[in-house]
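So the chains spell out like this:
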2 protein chains.
Amino acid sequence: MPSNLSDNIPDIVIGRLPIYLRALNRLAQDGHEVTSSHELGQILGISSAQIRKDLSHFGGFGKQGTGYQIVFLEEKLRQVLKVNREWEVALVGAGDLGTALAHYGGFAERGFKISCVFDNAKEKIGKPLNGFTVQALDELETTIKARAIKMAMIAVPAKAAQEVADKLIAVGVRAILNYAPINLNVPPEVRVQYIDPVIHMQRMTFYLP
Amino acid sequence: MPSNLSDNIPDIVIGRLPIYLRALNRLAQDGHEVTSSHELGQILGISSAQIRKDLSHFGGFGKQGTGYQIVFLEEKLRQVLKVNREWEVALVGAGDLGTALAHYGGFAERGFKISCVFDNAKEKIGKPLNGFTVQALDELETTIKARAIKMAMIAVPAKAAQEVADKLIAVGVRAILNYAPINLNVPPEVRVQYIDPVIHMQRMTFYLP
DNA sequence: ATAAATATGAACAAAGTTTCACAATCGAAA
DNA sequence: TTTCGATTGTGAAACTTTGTTCATATTTAT
């Protein structure tokens, strides 16, 4: 009898759900209506048993003999992941990277709406950026509290990242996507995900001759 | 008796080494000369035992009672990861993302030199981009083979990514950093790492109230 | 010199994750 | 209606990863 209520699902399982969701999107776009754990596993390079076991944490979404209805499974996964609604996201840092993130359409498309941008450089404050006005860091507290924003992206230099994170957490942010190449120290109720492309590159060179 | 020779080290261990290296860099920059598994663990939120165990796969780099000499350990980790030299990298895709990647200084700084850029859009080919000239995809084979390039980044739309990957692999690339939001099908001798920021965001919303 | 404190590396134990294997179920076809 | 092939969901087994403990080595303080 599986349950949706924090059954203490392993984090590694949660980490695979967005990948399943992305593959299902693609299958649906390509006109498929049903799929199977075997087919999904083929696409993703994961065993079919693992996919079935992962999904079974949240309920029986498939039909024996048939497989999974793609749109139904997508809907269920969106519910589980809480991405069946729009999330407002604060962006801190309006340098090259911050600017690129503000312009990237993929966030809004998939439910994450960047809704304010902060920087502390005088020459950037007040400038328009893809529909926003870059705000001073001083305004971070007011803006984020007023909108009850819970998610943020950090795109500032490494030496400023911890301080920015502390500020964000103090005003209620609970999930941070950190592009600064540094580990953040955060309390346990705050989630952090890291993106540092060099780390990924260094992880691959080990296997090269 | 630990060995550097592919002792079949778990990939998860390899994945942590770049993170150790990044933290060591930072400690060195801050003027530290030695550290301990305990201190590193504090910084990274990892147990000290795990750090010692990970490192012991490659040799005894520390001194009992003292800890680890930072520059020595950095050098050893660079050797293990094969990042104690410069790697040439091909970039495919000169759109917004590709352009941002070409301009990002962090790759060259840490040993990954983007040394050619490809796109198939007529209006981009021949244009200068941070010191390179954007080349047509037709020239991919000649250029990559001539320079014996083994690493590439894919920054093209999802629908083109698999085809690009196939081309790259055919001409000798063995490690791919894929920014397209799609899983690539590759032979076992090729490593792929994925960067899709939305996936990271979706992984965090599960834990939000 | 000696004792106390610190820290590694290795062996062992515990916890967590993945795979296996199969009963139960479904839909289609004879 | 019965049979057949396909496919799920799941408990048990196998495997991987993490954490604990301890013998030993080094440094520092007395």
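Everything numeric here is computed off the predicted structure, so don't read it as measured data.

Asker: Just to check I follow, could you spell out helix α7 (residues 140-147) of chain B for this structure?
Answerer: Because an α-helix completes one turn every 3.6 residues, residues spaced three or four positions apart along the sequence face the same direction. Residues and elements named next belong to chain B. Within α7 the residues assigned to the buried category are Leu140, Thr143 and Ile144. Down the axis of α7, the buried set is contained in an arc of 90°. They therefore lie on one face. α7 presents Thr142 and Ala146 as exposed residues on the side facing more than 90 degrees away from its buried surface. Where α7 is buried, its residues touch β3 (87-92), β4 (112-119), β7 (135-136) and α8 (158-170). With its phi angle positive at about 55°, alanine 148 sits one or two positions after the end of α7.

Asker: When you look at the pattern of salt bridges in this model, what are you seeing that I'm missing?
Answerer: Once the charged atoms of two side chains with opposite charge are near each other, the side chains can pair. With the rule as written, the count across this model stands at 18 salt bridges over all chains. With a shortest N-O distance of 3.7 Å, A:Glu163 and A:Lys167 are connected by a salt bridge. You can see A:Glu163 and its partner A:Lys167 sitting in helix α8 (residues 158-170), four residues apart, about one turn around the helix. For A:Lys167, a relative accessible area of 37% puts it in the partly exposed group. Note that B:Asp11 is salt-bridged to B:Arg191, the shortest N-O span being 3.5 Å. In this pair, B:Asp11 is assigned in helix α1 (residues 11-29) and B:Arg191 in strand β10 (residues 191-194), connecting sequence segments 180 residues apart. Classification of B:Arg191 by relative accessible area gives partly exposed; the value is 28%. Three or more residues are tied together by salt bridges with common partners; here these are A:Asp11, A:Arg191 and B:Arg203.

Asker: Please explain the interface of chain A and chain B as it appears in this structure.
Answerer: Quite often, the size of an interface is put as the accessible area lost when its parts meet. At the junction of the two partners, chain A supplies 59 residues and chain B supplies 59 residues. Between chain A and chain B lies a buried interface of about 5700 Å² when both sides are counted; carbon and sulfur atoms form 65% of it. Where chain A touches chain B, the interface holds six salt bridges. Two residues, A:Asp196 and B:Arg22, come together in a salt bridge whose shortest N-O distance is 2.9 Å. Grouping the constituent residues of the side of chain A that touches chain B by class yields 39 nonpolar, nine polar and eleven charged.

Asker: Whenever I open this one, the sheet that holds strand β10 (residues 191-194) of chain A confuses me. Can you help?
Answerer: Pairing between the strands of a sheet is mediated by backbone hydrogen bonds and can be parallel or antiparallel. Residues and elements named next belong to chain A. With parallel pairing, six strands are arranged side by side in an open sheet as β7-β4-β3-β8-β9-β10. Either end of the sheet is taken by a strand with one partner, and the two such strands are β7 (135-136) and β10. Of the pairings in the sheet, the one linking strand β4 (residues 112-119) to β7 comprises two bridges and is parallel in character. Paired with aspartate 119 across the bridge in β7 is alanine 136. This element, helix α5 (residues 96-103), spans β3 (87-92), β4 and β8 (151-154) of the sheet and lies at about 160° to β3. Contacts from helix α7 (residues 140-147) reach β3, β4 and β7 within the one sheet, and its direction differs from that of β4 by about 160°.

Asker: Just to check I follow, could you spell out the environment of A:Pro187 for this structure?
Answerer: Residues and elements named next belong to chain A. Considering the arrangement of structural elements, one finds proline 187 in the loop between β9 (175-178) and β10. Judged by its relative accessible area of 29%, proline 187 falls in the partly exposed class. Considering only alpha carbons, one finds proline 187 and isoleucine 149, 38 residues apart in sequence, at a separation of 18 Å.

Asker: How should the relation of the copies chain A and chain B be read in this particular structure?
Answerer: Mapping between the two copies of the chain is achieved by a rotation about an axis and a shift along the axis. When chain A is fitted onto chain B, the two copies agree to an RMSD of 0.0 Å after a turn of 180° and an axial shift of 0.0 Å. Taken together, the rotation and translation describe the operation of a two-fold axis. Interface overlap between copies: 100% of the residues of chain A at the interface are likewise at the interface in chain B, consistent with a symmetric, same-surface contact.

Asker: Would you take a moment to explain the protein's contact with DNA strand C for this structure?
Answerer: Looking at DNA strand C, there are 26 residues lining it, with A:Arg16, A:Gln64, B:Ser37, B:Arg52 and B:Gln64 nearest. Close to the protein, within 4 Å, the atoms of DNA strand C belong to sugar or phosphate groups at a rate of 70%. A distance of 3.0 Å is found between a phosphate oxygen of DNA strand C and a side-chain nitrogen or oxygen belonging to A:Ser47. A:Gln64 places a side-chain nitrogen or oxygen 3.0 Å from a sugar or linking oxygen of DNA strand C. Elements supplying a minimum of two residues to the surface near DNA strand C: α1 (11-29) and α3 (48-56) of chain A together with α3 (48-56) of chain B. Take the surface near DNA strand C: its biggest share by element is four residues, from α3(A). A class-by-class count of the residues in the surface near DNA strand C yields five nonpolar, 14 polar and seven charged.

Asker: Explanation requested: the sheet that holds strand β9 (residues 175-178) of chain B in the structure shown.
Answerer: Residues and elements named next belong to chain B. Here six strands make up an open sheet; going across it, the order is β7-β4-β3-β8-β9-β10 and the pairing parallel. The sheet is open, and its two edges are formed by β7 and β10, each paired on a single side. Strand direction decides the pairing type here: strand β8 (residues 151-154) and β9, joined by four bridges, are parallel. Residue pairing in the sheet places isoleucine 154 in a bridge with asparagine 178 of β9.

Asker: Any chance you could explain unusual backbone geometry here in plain terms?
Answerer: Glycine aside, the phi torsion of most residues is negative, and most peptide linkages are trans. Residues and elements named next belong to chain A. If you check the backbone angles, lysine 82 has positive phi at about 60° while not being a glycine. For lysine 82, the position within the fold is in the loop between α4 (70-81) and β3. Lysine 82 sits in the partly exposed class, given a relative accessible area of 29%.

Asker: What should I look at first to understand the packing of aromatic side chains in this one?
Answerer: Centre distance and the angle of the planes are the two values used to describe a pair of aromatic rings. Enumeration over the complete set of coordinates arrives at six aromatic pairs over all chains. Ring geometry for A:Phe61 and A:Phe72: centres 6.4 Å apart, planes at 80°, overall edge-to-face. Of this pair, A:Phe61 sits in the loop between α3 and β2 (68-69) while A:Phe72 sits in helix α4, placing them eleven residues apart in sequence. With a centroid separation of 5.2 Å and 85° between ring planes, the pair formed by B:Tyr104 and B:Phe107 is classed as edge-to-face. With relative accessibility at 37%, the residue B:Tyr104 sits in the partly exposed group. Cation over ring: A:Arg85 sits above A:Trp87, and NZ or CZ is 3.4 Å from the ring centre.

Scoring rules and cut-offs
- Within each chain, residues carry numbers counting from 1 in the order of the written sequence.
- In the order they appear in the text, chains get letters beginning with A and ligands get numbers beginning with 1.
- With pLDDT at 70 or above as the cut-off, local features in this predicted model cover only qualifying residues; side-chain atom pairs require 80 or more to be listed or tallied, and sums for whole chains, interfaces and linings still use all residues.
- Hydrogens and water molecules were not included; the side-chain quantities draw on all heavy atoms of the structure.
- Only protein chains enter the area calculation, which uses a 1.4 Å probe; residues under 20% of their type maximum are buried, those over 50% are exposed, and those in between are partly exposed.
- Helical segments are the DSSP runs of H or I of at least four residues, strand segments are the runs of E of at least two, and each set is numbered from the N terminus.
- Within this analysis, the arc is defined by the directions that extend from the helix axis to the C-beta atoms.
- It only takes one pair of heavy atoms within 4.5 Å for two residues to be counted as in contact.
- For this document, the term salt bridge refers to a Lys or Arg side-chain nitrogen within 4 Å of an Asp or Glu carboxyl oxygen.
- Throughout, buried area stands for the accessible area (probe radius 1.4 Å) lost by two parts on being put together, summed over both.
- Each residue is assigned to one of three groups, with Ala, Val, Leu, Ile, Met, Phe, Trp, Tyr, Cys and Pro labelled nonpolar, Asp, Glu, Lys and Arg labelled charged, and all others, Gly among them, labelled polar.
- By the convention used here, strands pair only if DSSP detects at least 2 bridges between them.
- Fitted lines through C-alpha atoms give the axes, limited to the stretch in contact for helices. The angle between two N-to-C directions lies from 0 to 180 degrees.
- Superposing the copies works by least squares over the C-alpha atoms of residues that have pLDDT at least 70 in both of them.
- What makes a residue near a molecule or strand is one non-hydrogen atom of that residue sitting within 4 Å of it.
- Any N or O atom pair separated by 3.5 Å or less is treated as a polar contact, with the protein-specific requirement of one donor-capable and one acceptor-capable atom, and with residues adjacent in sequence counted only for side-chain atom pairs.
- Aromatic pairing here means that ring centres of Phe, Tyr or Trp (its six-membered ring) are within 6.5 Å. Orientation follows from the plane angle: under 30 degrees is stacked, over 60 is edge-to-face, and everything else is tilted.
- Sitting over a ring, as applied to charges here, requires NZ of Lys or CZ of Arg to be within 6 Å of the ring centre and within 35 degrees of the ring normal.

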